[in-house]
Amino acid sequence: MKAGWLLARFIALAHWVRARCCPARVEGLAPAAAEGVAGAEAAVPAACEVSATVEELAALWECSRRAAQQTLRRLSRRGLVSWRPRAGRGRRSALQVTVHPVHAYLERALAAARRQRWVEAAFWLEEIDRECPRLPDVSRMRAEIRARLGLPPRGARRFGEGSACSCAASIT
């Protein structure tokens, strides 16, 4: 299994919980900016608790029931989720994501940067920016990675790119 399998499962679970808690946001009907919410709290509400069965999570992660239980225990031990199982097979248990998935994205970006895998690090930083555009230091880190890849700063145009009228539009 991949080295980051637990992190990958956590990210999948966080998005699954978000889809069940606030489906309008997931479908793009109510973006965080329109709601006036800034920062990491916008994507997964802090008090969002869903009911789930181990079988549902095993299907989400494409694993056995036992592997899903072990994953839940590991995520709970690390403080990433709150899982309150209920007795009986098929009973719906309470599940709450306690850490925003952006923290997982940042962990992956930093790990990729340590391995000098700049494209992968840039991908995870873009994910962070997509989820929480106002997090500090992300734009600085992304600029450093773009420089290492030989790319121009974000928003800068290379000579000859874009339309010839872009300058004229800004003058008038």
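Keep in mind it's a predicted model, so treat the numbers as computed, not measured.

**Student:** Explanation requested: the overall build of the protein chain in the structure shown.
**Tutor:** A count of helices and strands for the protein chain gives nine helices and three strands. Traced from its N-terminal end to its C-terminal end, the protein chain shows the element sequence α-α-α-β-α-α-β-β-α-α-α-α. Sorting the 172 residues of the protein chain into buried and exposed places 35% on the buried side. Contacts spanning at least 24 positions in sequence make up 58% of the contacts within the protein chain whose residues lie at least 6 apart. Of the roughly 10,600 Å² of accessible surface on the protein chain, 54% is carried by carbon and sulfur atoms.

**Student:** Would you mind showing me how to read the packing of aromatic side chains here?
**Tutor:** The way to describe two aromatic rings as a pair is by their centre distance and the angle between their planes. Applying the stated rule across the entire model yields two aromatic pairs. With a centroid separation of 5.0 Å and 75° between ring planes, the pair formed by phenylalanine 123 and tryptophan 124 is classed as edge-to-face. On the basis of relative accessible area, phenylalanine 123 is assigned to the partly exposed category, the value being 43%.

**Student:** Just to check I follow, could you spell out the environment of arginine 140 for this structure?
**Tutor:** Assignment of secondary structure puts arginine 140 in helix 8 (residues 138-148). A distance of 2.7 Å separates a polar atom in the side chain of arginine 140 from a polar atom in the side chain of glutamate 144.

**Student:** In this structure, what is going on with the packing of helix 6 (residues 101-114) against helix 7 (residues 118-131)? I would like to understand it.
**Tutor:** Helices that pack against each other are described as a pair by the angle of their axes relative to one another and the distance between those axes. Viewed as axis vectors pointing N to C, helix 6 and helix 7 meet at an angle of 160°, and their least axial separation amounts to 8 Å. With respect to helix 7, the element helix 6 is oriented roughly antiparallel. When the axes of helix 6 and helix 7 are compared, the crossing they make is left-handed. Residue-level inspection shows Val102, Tyr105, Leu106, Arg108, Ala109, Ala112 and Ala113 of helix 6 in contact with helix 7, the latter providing Trp118, Glu120, Ala121, Trp124, Leu125, Glu127, Ile128 and Glu131. Looking at the contact of helix 6 with helix 7 residue by residue, the class counts come to 11 nonpolar, no polar and four charged.

**Student:** Just to check I follow, could you spell out the sheet that holds strand 1 (residues 49-52) for this structure?
**Tutor:** One key point about sheets: their strands pair by backbone hydrogen bonds, in either a parallel or an antiparallel sense. The strand order across the open sheet built from three strands is 1-3-2, with neighbouring strands paired in antiparallel fashion. Lying at the two open borders of the sheet, with one neighbouring strand each, are strand 1 and strand 2 (81-84). Strand-to-strand, the axes of this sheet are offset by a mean angle of 25°, without reference to chain direction. Pairing of strand 2 with strand 3 (residues 93-97) involves four bridges; the strand directions are antiparallel. Within strand 3, the residue paired with serine 82 across the bridge is glutamine 96. Contacts between helix 4 (residues 54-61) and the sheet are confined to strand 1, strand 2 and strand 3, with strand 1 contributing the most and set at about 95° to the helix.

**Student:** What is the right way to read helix 6 from this model?
**Tutor:** The first and last C-alpha atoms of helix 6 sit 20 Å apart over 14 residues, in line with the 20 Å expected at 1.5 Å per residue. For helix 6, every residue scored as buried is listed here: Pro101, Val102, Ala104, Tyr105, Arg108, Ala109, Ala111 and Ala112. Where helix 6 is buried, its residues contact helix 1 (5-21) and helix 7. In the stretch just after helix 6, glutamine 116 is the one whose phi turns positive, near 60°.

**Student:** Whenever I open this one, the side chain of arginine 9 confuses me. Can you help?
**Tutor:** Assignment of secondary structure puts arginine 9 in helix 1. Glutamate 62 provides the closest opposite charge to the buried, salt-bridge-free arginine 9, at an N-O distance of 8.4 Å. A polar side-chain atom of arginine 9 sits 2.8 Å from a polar atom in the side chain of threonine 71.

What counts and what doesn't
- Residues numbered from 1 in each chain as written.
- Predicted model: local features only at pLDDT ≥ 70, side-chain atom pairs only at ≥ 80, totals over all residues.
- Heavy atoms only, no water.
- Helix = DSSP H or I, 4+ residues; strand = E, 2+ residues; numbered from the N terminus.
- Buried < 20%, exposed > 50% of the residue type's maximum accessible area, 1.4 Å probe, protein only.
- Contact = heavy atoms within 4.5 Å.
- Areas by Shrake-Rupley, 256 points an atom, 1.4 Å probe, with all protein chains shown as cover.
- Phe/Tyr/Trp six-rings, centres within 6.5 Å; stacked < 30°, edge-to-face > 60°.
- Polar contact = N/O pair within 3.5 Å; in protein donor to acceptor, adjacent residues only side chain to side chain.
- Axes fitted to C-alpha atoms, helices over the stretch in contact; angles between N-to-C directions.
- Parallel < 35°, antiparallel > 145°, perpendicular 65-115°, else oblique.
- Left-handed = near helix turned anticlockwise from the far one by under 90°.
- Nonpolar A, V, L, I, M, F, W, Y, C, P; charged D, E, K, R; others polar.
- Pairing = 2+ DSSP bridges.
- Expected span 1.5 Å × (residues − 1).
- Lys, Arg positive; Asp, Glu negative; His and termini not counted.
- Salt bridge = Lys/Arg side-chain N within 4 Å of Asp/Glu carboxyl O.

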